[in-house]
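Residue-level listing of the chains:
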Amino acid sequence: MNTAASTPLINIYVDESCHLPADRQTVMALGALWCPQTEVRRLSAALRDLKARHRARGELKWSKVSASRRAFYCDLVDWFVAEEPLHFRGLVVLDKQQLNHAAFNQGDHDLFYYKMQFSLLNRILSPDSRYAIYLDIKDTRSRLKLHKLREVLCNNVYDFTSAMIGHIQNIHSHEAELMQLADFFSGALTYRHRGLQGNPAKLAVIDHIEQRLGRSLLQATPLRETKLNVFLFHPRRVGS
């Protein structure tokens, strides 16, 4: 591994959607937005400026997409696509109700959570870089998951000193504009894969995302696609 002084430092912002085991949702999504730490201040300021131009007050959230904010969210997509330092990877768990934790996860939903976080992040992390990972606080147990996740991710690349992940922390989404962007794309993925049709503004924004990317959010992408990468997880069945 390179010395700390010469190793690039990357910030990763992780969001979750429909992640609880008994929420009766058919789809679960995890999303990670990342960029060089040297770009965080500039990108955050640019995002605040975009919000100000559209008079979009408060947090940027997928749940806030509405007819009156459609132009703002379409411009947000254009800005994301144009900003080369910004990248997003989403993991979608399809047919969540078919998960069999007893057969595959020692009966433990948290073990499945770590597996999914690992699958989301291990394709982003490289032992040649250092990372600061920020996870959105979703429930009272979020803090307990941090150290285990760091250990699992570092051990995968034989980094038993955990030098690769210099910082890992739970934060509230209002504390970081780029965390809010992770929420937005995670929410769009979830909405698309749930097949919802009730919000025309959200459908229009999803259509705009797909037009800018040149593909459907329903499609998995190859690993070389780093602007907006999508991984689809199909629950295993016993005997398969």
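Use the structure listed above.
Residues numbered from 1 in each chain as written. Predicted model: local features only at pLDDT ≥ 70, side-chain atom pairs only at ≥ 80, totals over all residues. Heavy atoms only, no water.

## Notes on the overall build of the chain
Phase 1 of the analysis: The helix and strand inventory of the chain stands at 7 helices and 6 strands.
Phase 2 of the analysis: Element order for the chain, N to C, with α for helix and β for strand: β-β-α-α-β-α-α-β-α-β-α-α-β.
Phase 3 of the analysis: By the burial criterion, 50% of the 240 residues in the chain qualify as buried.
Phase 4 of the analysis: For the chain, the share of sequence-separated contacts (at least 6 apart) that also reach a separation of at least 24 residues comes to 73%. (Helix = DSSP H or I, 4+ residues; strand = E, 2+ residues; numbered from the N terminus. Buried < 20%, exposed > 50% of the residue type's maximum accessible area, 1.4 Å probe, protein only. Contact = heavy atoms within 4.5 Å.)

## Description of the environment of Ala132
Phase 1 of the analysis: Following the sequence through the fold, Ala132 ends up in strand S4 (residues 130-136).
Phase 2 of the analysis: Each C-alpha atom of the pair Ala132 and Ile12 lies 6.2 Å from the other, and the pair is 120 residues apart in sequence.
Phase 3 of the analysis: Every residue in contact with Ala132, bar those within four places of it in the chain, is listed here: Leu9, Ile10, Asn11, Ile12, Gln37 and His167.

## With respect to the packing of aromatic side chains
Phase 1 of the analysis: As enumerated under the stated definition, the model contains 8 aromatic pairs in all.
Phase 2 of the analysis: Feature note: the residues Trp62, Phe72, Tyr73, Phe80, Phe88, Phe184, Phe185 and Tyr191 constitute an aromatic cluster, connected by ring pairs.
Phase 3 of the analysis: Sitting above the plane of the Phe80 ring, Lys227 keeps its charged end 4.6 Å from the centroid. (Phe/Tyr/Trp six-rings, centres within 6.5 Å; stacked < 30°, edge-to-face > 60°. Lys NZ or Arg CZ within 6 Å of the ring centre and 35° of its normal.)

## Examining the environment of Ser66
Phase 1 of the analysis: Along the polypeptide, Ser66 turns up in the loop between helix H1 (40-53) and helix H2 (70-82).
Phase 2 of the analysis: On a C-alpha basis, the gap between Ser66 and Pro200 in space is 8.1 Å, while along the polypeptide they are 134 residues apart.

## With respect to the packing of H1 against helix H6 (residues 177-194)
Phase 1 of the analysis: Orientation of H1 relative to H6, taken along the N-to-C sense of each, is 65°, at an axis distance of 9 Å. It follows that H1 is roughly perpendicular to H6 by the angle criterion. Across the interface between the two elements, Val40, Leu43, Ser44, Leu47, Arg48 and Lys51 of H1 pack against Glu177, Leu178 and Gln180 of H6.
Phase 2 of the analysis: The class makeup of the residues in the contact of H1 with H6 is 4 nonpolar, 2 polar and 3 charged. (Axes fitted to C-alpha atoms, helices over the stretch in contact; angles between N-to-C directions. Parallel < 35°, antiparallel > 145°, perpendicular 65-115°, else oblique. Nonpolar A, V, L, I, M, F, W, Y, C, P; charged D, E, K, R; others polar.)

## Describing H1
Phase 1 of the analysis: The end-to-end C-alpha distance of H1, which contains 14 residues, comes to 20 Å, matching closely the 20 Å that a straight helix rising 1.5 Å per residue would cover.
Phase 2 of the analysis: Buried within H1 we find Val40, Leu43, Ser44, Leu47, Leu50 and Lys51. One side of H1 holds all its buried residues, which, seen down the axis, span an arc of 120°. Exposed side chains of H1 directed beyond 90 degrees from the buried face belong to Arg41, Ala52 and Arg53.
Phase 3 of the analysis: Along its buried surface, H1 packs onto strand S1 (9-17), strand S2 (28-36), H2 and H6.
Phase 4 of the analysis: Taken from the residues just after H1, Arg55 is the one with a positive phi, measuring 55°. (Expected span 1.5 Å × (residues − 1). Arc of directions from axis to C-beta.)

## Looking at the pairing of S4
Phase 1 of the analysis: Of all 7 residues making up S4, 6 are buried, and the element is well covered by its neighbours.
Phase 2 of the analysis: Direction of pairing for S1 relative to S4: parallel, over a ladder of 6 bridges. In the sheet register, Leu9 faces S4, and the bridge partner there is Arg130.
Phase 3 of the analysis: As judged from the 6 bridges shared by S4 and strand S5 (residues 165-171), these two strands associate in the parallel manner. Among the inter-strand pairings, Asp136 is bridged to a residue of S5, identified as Ile171. (Pairing = 2+ DSSP bridges.)

## Some details on the environment of Ile209
Phase 1 of the analysis: Structurally, the position occupied by Ile209 is in helix H7 (residues 200-213).
Phase 2 of the analysis: When the C-alpha positions of Ile209 and Leu228 are compared, they lie 10.0 Å apart, and in sequence the two are 19 residues distant.
Phase 3 of the analysis: Dropping the residues within four chain positions of it, Ile209 is found in contact with Val77, Phe184, Phe185, Ala188 and Leu217.

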